[in-house]
Amino acid sequence: MCIRDRAVDMKGKIGFGGYGGHSLLKPAGFNQVLNERKENYESWWYFGPDSGTIKPLNSGILYGGEVRYGVTSNLMLGAGYSKMSGSGQVNWDNGWGWTGEYKATLSVTGITGSLLFAMGGESSNFYFGGGAGWYSATITRTASSDPEWVCSFYDKIVYQGKSTVGFHGIAGFEYFLSSNVALGIEGMYSSVTFPPEWTIKEHPDPSWVGEISTIWTNAVQAGGITIGGGLHFYIP
């Protein structure tokens, strides 16, 4: 029996597919705003000090799609689209039945390009590489109180960040279920930071739209480590 130890030949192949995963984040600037909101509302007499708790943003769900092209037997070019979303919030309870909630959801969209090098066995590939992307982001803030008259909260405000460039490194494994279908597991580290200027995109009062936020004034780190998986379909 002859056993081959070469990688699956990727030259000339076009691959497309989708994936999903879980992202571990460390968005210090984002969570700092949550802490400031906590301190602000604790200064109100009807909530009082030490009445707030924070659930920081530390993870998100990412999904996307990618197209790949085999330049050589081992070298691939990739172009992809991804979207990640995660949220953090502050809750208050003054002990008298008055409660409040401030929730902020970060959504990041990216268009990426990657250069990947593959190696492995006859029916599998291990690949690694890196690339860059163009990213945009929004922060959607909702807030409420119970009873409603305690705080005059707007239901929803959306802030738009300035688009920015980010970078990533990738390592993954593909197992070919057939000559054209592969099941993949992938790890990615990305570095993406949005500048400290967020513009109001949606507001219940239209006169606020287009104004610069006086609350979201921090740079927001949206990169991290993502572990995910998906399917790729290759056209010979």
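Nothing here was measured: the structure is a model prediction, and the numbers come from that model.

Peer 1: Now, about the overall build of the chain: what can you tell me, with residues and values included?
Peer 2: Summing up its helical and strand segments, the chain has one helix and 13 strands in all. Secondary structure of the chain in N-to-C order comes out as β-α-β-β-β-β-β-β-β-β-β-β-β-β. In terms of overall dimensions, the chain has C-alpha extents of about 80 × 35 × 25 Å along its principal axes. Out of the 236 residues in the chain, the part that is buried amounts to 42%. Sequence-distant contacts, at least 24 apart, represent 71% of the contacts inside the chain between residues at least 6 apart. About 12000 Å² of surface is accessible on the chain, with carbon and sulfur atoms providing 60% of the total. Positive and negative charge centroids in the chain, built from 15 and 19 side chains respectively, lie 10 Å apart.

Peer 1: Give a description of the nonpolar core that names residues and reports values.
Peer 2: With 30 residues, the main nonpolar core has F30, Y102, L106, W198 and W216 as its most contacted residues. When residues of this core are traced back to their parent elements, those giving at least two are α1 (28-42), β4 (75-93), β5 (99-119), β6 (124-146), β7 (156-161) and β11 (198-202). The residues touching W216, leaving out its near neighbours within four places in the chain, are F30, V33, Y102, A104, I139, Y159 and W198. One finds A118, Y127, F176 and M188 within the second-largest nonpolar core, a separate group that totals 11 residues.

Peer 1: I'd like to hear about the environment of T199, residue by residue, with values.
Peer 2: Locating T199 in the fold gives a position in strand β11. Given the relative accessible area of 24%, T199 is considered partly exposed. As for T199 and A219, which are separated by 20 residues in sequence, their C-alpha atoms are 13 Å apart. Once you skip the residues sitting within four places of it in the chain, T199 turns out to touch V158, Y159, Q160, G210, E211 and I212.

Peer 1: I'd like a description of the pairing of strand β13 (residues 224-235), backed by residues and values.
Peer 2: In this structure, strand β1 (residues 14-25) lies alongside β13, joined through 12 bridges in antiparallel fashion. Within β13, the residue paired with S23 across the bridge is T226. Relative to β13, strand β9 (residues 181-191) is paired through 10 bridges, and the arrangement is antiparallel. Opposite L183, over in β13, you have L231 as the bridge partner.

Peer 1: Describe the environment of Y189, listing the residues and the values that go with them.
Peer 2: Take Y189: it is sitting in strand β9. Considering only alpha carbons, one finds Y189 and L24, 165 residues apart in sequence, at a separation of 9.6 Å. When near neighbours in sequence (up to four residues on either side) are disregarded, Y189 contacts F167, H168, G169, G224 and I225.

Peer 1: Got a sec to walk through the packing of aromatic side chains? Specific residues and values, please.
Peer 2: Evaluation of the coordinates by the stated rule reveals nine aromatic pairs. Within the aromatic cluster, the residues linked to one another by ring pairs are F30, Y159 and W216. In this structure, R68 packs its charged tip against the face of Y127, placed 4.6 Å from the ring centre.

Peer 1: Describe in detail α1, supporting the description with residues and values.
Peer 2: Helix length check: α1, at 15 residues, gives a terminal C-alpha distance of 21 Å against a target of 21 Å (1.5 Å per residue), a fit within 8%. Among the residues of α1, those classed as buried are G29, F30, V33, L34, R37, K38, Y41 and E42.

Peer 1: A description of the pairing of β4 should follow, citing residues and the corresponding values.
Peer 2: Looking at chain direction, strand β2 (residues 52-55) and β4 are connected through four bridges and run antiparallel. The residue of β4 that forms the bridge with K55 is Q89. Judged from the 10 bridges that link them, strand β3 (residues 59-70) and β4 form a sheet pairing that is antiparallel. In the strand pairing of β4, L62 is matched with M84.

Peer 1: Describe the confidence of the model for the chain, with residues and values.
Peer 2: Summary statistics for the chain give a mean pLDDT of 90 and a share of 94% for residues scoring 70 or more. A low-confidence stretch, residues 1-6 stays under pLDDT 50, and its non-local contacts, those more than four residues away or across chains, total six contacts.

Peer 1: Explain the pattern of salt bridges to me, using residue names and the numbers behind them.
Peer 2: The tally for this structure, following the rule as stated, stands at five salt bridges. The salt bridge partner of E42 is K38, with a shortest N-O separation of 3.1 Å. Here E42 pairs with K38, and both are found in helix α1, just four residues apart, close to one helical turn. Look at E42 and you get buried, because its relative accessible area is 11%. With a relative accessible area of 16%, K38 lands in the buried category. A salt bridge links R68 to E174; its shortest N-O distance comes to 3.4 Å. You can see R68 sitting in strand β3 and its partner E174 sitting in strand β8 (residues 164-176), a full 106 residues away along the chain.

So, how was this worked out
- Residues numbered from 1 in each chain as written.
- Predicted model: local features only at pLDDT ≥ 70, side-chain atom pairs only at ≥ 80, totals over all residues.
- Heavy atoms only, no water.
- Helix = DSSP H or I, 4+ residues; strand = E, 2+ residues; numbered from the N terminus.
- Buried < 20%, exposed > 50% of the residue type's maximum accessible area, 1.4 Å probe, protein only.
- Contact = heavy atoms within 4.5 Å.
- Areas by Shrake-Rupley, 256 points an atom, 1.4 Å probe, with all protein chains shown as cover.
- Lys, Arg positive; Asp, Glu negative; His and termini not counted.
- Charge placed at Lys NZ, Arg CZ, Asp CG, Glu CD.
- Core = buried A, V, L, I, M, F, W, Y, C linked by side-chain atoms within 4.5 Å.
- Pairing = 2+ DSSP bridges.
- Phe/Tyr/Trp six-rings, centres within 6.5 Å; stacked < 30°, edge-to-face > 60°.
- Lys NZ or Arg CZ within 6 Å of the ring centre and 35° of its normal.
- Expected span 1.5 Å × (residues − 1).
- pLDDT = per-residue confidence, 0-100.
- Salt bridge = Lys/Arg side-chain N within 4 Å of Asp/Glu carboxyl O.

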